[in-house]
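# Secondary and tertiary structure notes
One letter stands for each residue in the lines below.
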Amino acid sequence: MTDSTPVTASDIPLMQGLAQRVTALRPDLIGAGASYGELAWIYGKDHAAQGTGWRRRLWFAGDELVAWGWAFLPHRVRRDDGSVTDVTGASQPPGPS
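Let me begin by describing the structure that accompanies this report. (Residues numbered from 1 in each chain as written. Predicted model: local features only at pLDDT ≥ 70, side-chain atom pairs only at ≥ 80, totals over all residues. Heavy atoms only, no water.)

## Points about the overall build of the chain
Each helix and strand in the chain was counted, giving 2 helices and 5 strands. Helices (α) and strands (β) of the chain occur, in sequence order from the N terminus, as β-α-α-β-β-β-β. Evaluated residue by residue, the chain yields a buried proportion of 27% over its 97 residues. When contacts within the chain are restricted to residue pairs at least 6 apart in sequence, those whose partners lie at least 24 apart make up 48%. Approximately 6,100 Å² of the chain is accessible, and the part contributed by carbon and sulfur atoms is 55%. (Helix = DSSP H or I, 4+ residues; strand = E, 2+ residues; numbered from the N terminus. Buried < 20%, exposed > 50% of the residue type's maximum accessible area, 1.4 Å probe, protein only. Contact = heavy atoms within 4.5 Å. Areas by Shrake-Rupley, 256 points an atom, 1.4 Å probe, with all protein chains shown as cover.)

## Looking at helix α1 (residues 11-25)
Compared with the 21 Å implied by 1.5 Å per residue over 15 residues, the 22 Å span of α1 between its first and last C-alpha is a close match. Among the residues making up α1, those that are buried are Asp-11, Ile-12, Met-15, Gln-16, Gly-17, Leu-18, Ala-19 and Val-22. Close packing links the buried residues of α1 with β1 (5-6), α2 (36-44), β2 (54-61) and β3 (64-72). (Expected span 1.5 Å × (residues − 1).)

## Some thoughts on the pattern of salt bridges
Here the structure, examined in full by the defined rule, presents 3 salt bridges. One salt bridge in this structure joins Arg-56 and Asp-11, with 2.7 Å as the shortest N-O distance. In this pair, Arg-56 is assigned in strand β2 and Asp-11 in helix α1, connecting sequence segments 45 residues apart. We note that Arg-56, like Asp-11, is buried. Between Arg-21 and Glu-64 there is a salt bridge; the shortest N-O distance is 3.2 Å. Residue Arg-21 is found in helix α1, and its partner Glu-64 is found in strand β3; the two are separated by 43 residues along the sequence. (Salt bridge = Lys/Arg side-chain N within 4 Å of Asp/Glu carboxyl O.)

If you want it as structure tokens, here you go:
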């Protein structure tokens, strides 16, 4: 993969598999948001709706995922009451890499 693209549901099992392999060997490297369960929770809890604002990159050695990274880019959030909030900062949750 040469460019970052939006996170998709099919990315999560790949990322979870890497998190499990890293946890088995070096549990100290798994940070908040990068564990097997947290990856599913974070994806399922509204972040998938951010679309292009939630970018990821996956690195492979052959068919095996060996690293991943993601960032939440500045974006606009529409609230249930119809108001709009601009999130002007970017963030990068911790993860194995």
